[in-house]
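Listed here are the chains, written in short residue letters.
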Amino acid sequence: MADSKIKSASAASIAEAAKLLADGQLVGVPTETVYGLAADATNPAAVRKIFQAKGRPANNPLIMHVESALAARRWVRVDDPEWLADQWQRAATFWPGPLTVVVPRSGDVVDEVTAGAPTVAVRVPSHPVMRSLLAACDFPIAAPSANPSNYVSPTSAEHVRQGLGDKVAMILDGGECQCGLESTIIRLQSDGVELLRPGSISVEQLQAAFGAVIAARVTEKNTAAADAPSTNPPAAMPAPGMLAKHYSPTKPLRVVGSWQPEEIEPARVARISFAPLPRSEAASFGWYRSLSETGDLHEVARNLFTAIRQADATPCEWIVIDRCDRTGIGRAIMDRIDRASG
Ligand code: AMP
Ligand code: MG
C-alpha cells in the first residue's frame, strides 16, 4: 500500500513541501541524480535532523542546493583570486546539472552544513520538481542522499519510504531519477580541478572545461570516519566523498571475474548484467536482471541502484555484477560498484 507521505509532484504538493521545509522539517525530494533528504540549509536545527535521520557522521558535510549560480553567490567566496572566479564561471556552465563544486564558503553558511569546514559544496539541480521547490523556498536546501548512511542511494520515492519513511514529513514523488548516480564532486584549483567523486559529468567533460583533473587523495581518516559516527567530530574530512565503503547492499557483492562458478553455485547468486546474457546462462542464476537491452551505460547507471536493491531483497546469498571500462560514465559506475563490494 502506498504510504500517504508520498505525494505526486504538483503545484500544491510542492507548495506544501516548501512550507514543511520552512517549518524546519525534513522532506524527501527528487533530483536528477538521486533522491535527497532535504532541510532548510539556513536552519541549524533542521540540518542536524538530517544527520540524525541518516545516522550520518557529523563530520561528513552536506551539499547545498541553490536555484542558480547567481543565487549561490551569497554562500560562496569566489571573486578572487582571479583563477577562482574564472573556474567558477566554467563550473557554472554545467548548471543546472549533476555537478557539485567545493569552494570557499561565505560567513552566512551555517556550520552544520559544512561540518565546520571552510568550504561549501554547492549544486544547481536540473530536476524540474526540485527547481520548482527551490523557487518556492526563500532559502537554499541542504540535502544528502535520502538513504540511511552507508546503504545504497535511493532513485525512487518508494526507496526513500523504505529507508527513511518514518523520519520525513513528506516525500515528493518526481518519478525515477534520470542519472541514477550521485553528482560528480570537484574542488576548484588554479590549474584545473580535483575530482572528489566521479559521477555522470565525466572526467573527459571536466578536462575539456577545466584542463587538468587531479585525483582526490584518500586518507586513513576518511575511511575511519565512515564507520564511526562521532559525537565530538574532528575537522571535516578533506575529501569525504571518497569514503572507501559506501553505498553497500547487505549481501556480499562481487564483480564478474572475481567470482568463479565453481566457488559459488549460480543458483545462490543474484546476477546483474549490463546487457542481456544468453538465455541459458541467465536461467542458471537464482535471480537475474539486465540493466539495458543494448548495454547503454547511461541506462546502466540509471537502473544500477534499483537493481542492487532488488538483488539485495532476493533469497540469494551473493550478488554478482558486470564490469565496464573506466571511461566516461563507466568510471562512476565502477566507482559505485567498487564501494558496494568494498
Ligand atoms: P551525498 O549528498 O549523500 O552524496 O553526500 C554529499 C557528498 O558531498 C559527500 O560525499 C560529502 O562528503 C561531500 N561534500 C560536501 N561538502 C563538502 C566539502 N565542503 N568538501 C568536500 N566534500 C564535501
Ligand atoms: Mg550519500
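Throughout what follows, the structure given in this document is the object of discussion. Remember, it's a predicted structure, so these values are computed and weren't measured experimentally. Within each chain, residue numbers correspond to sequence positions counted from 1 in written order. As a convention, the first chain written is A and the first ligand written is 1, with the rest following in written order. The predicted nature of this model means local features are confined to residues of pLDDT at least 70 and side-chain atom pairs, given and counted, to a pLDDT of 80 or more, with totals for whole chains, interfaces and linings taken over all residues. Just so you know, side-chain values use all the structure's heavy atoms and leave hydrogens and water out.

### Description of the packing of helix H1 (residues 11–22) against helix H6 (residues 128–136)
Contact pair H1 / H6: the axes reach a minimum separation of 9 Å and the direction vectors enclose 55°. Accordingly, the angle class assigned to the pair H1 and H6 is oblique. Between H1 and H6 lies a crossing whose hand is right-handed. Taken together, the residues of H6 that come into contact with H1 (itself represented by Ile-14, Ala-17, Ala-18 and Leu-21) are Val-129, Ser-132, Leu-133 and Ala-136. For the contact of H1 with H6, a count of residues per class yields seven nonpolar, one polar and no charged. Fitted lines through C-alpha atoms give the axes, limited to the stretch in contact for helices. The angle between two N-to-C directions lies from 0 to 180 degrees. The secondary structure listing takes helices from DSSP runs of H or I that are at least 4 residues long and strands from runs of E that are at least 2 residues long, numbered from the N terminus. Note that the term roughly parallel is reserved for angles under 35 degrees, roughly antiparallel for angles over 145, roughly perpendicular for angles of 65 to 115, and oblique for everything else. By the definition used in this description, the sense in which the near helix is turned from the far one sets the handedness, with an anticlockwise turn below a right angle giving left-handed and a clockwise turn giving right-handed. Note on definitions: a residue-residue contact is assigned when non-hydrogen atoms from the two residues lie within 4.5 Å. Three classes are used: nonpolar for Ala, Val, Leu, Ile, Met, Phe, Trp, Tyr, Cys and Pro, charged for Asp, Glu, Lys and Arg, and polar for all others, with Gly counted as polar.

### A closer look at the pairing of strand S5 (residues 99–104)
Buried means the residue's accessible area, taken with a 1.4 Å probe over protein chains only, is under 20% of the maximum for its type, while exposed means over 50%, and partly exposed covers the values in between. Judged by how many residues are buried, S5 sits mostly within the fold: five of six residues are covered. When S5 meets strand S9 (residues 184–189), the two strands line up parallel, connected through four bridges. Across the sheet, the residue bridging to Val-102 is Arg-187, located in S9. In this scheme, strands are said to pair when DSSP sees at least two bridges between them. Direction of pairing for S5 relative to strand S6 (residues 119–123): antiparallel, over a ladder of four bridges. Paired with Pro-104 across the two strands is Thr-119, which belongs to S6.

### Concerning the sheet that holds strand S14 (residues 287–290)
Taken in spatial order, the four strands of this open sheet run S12-S15-S13-S14, and their pairing is parallel. Where the open sheet ends on each side, the last strands, each with one partner, are strand S12 (253–255) and S14. On average, adjacent strands in this sheet sit at an angle of 20° to one another, irrespective of strand direction. Both strand S13 (residues 269–273) and strand S15 (residues 318–321) contribute to a ladder of four bridges, which runs parallel.

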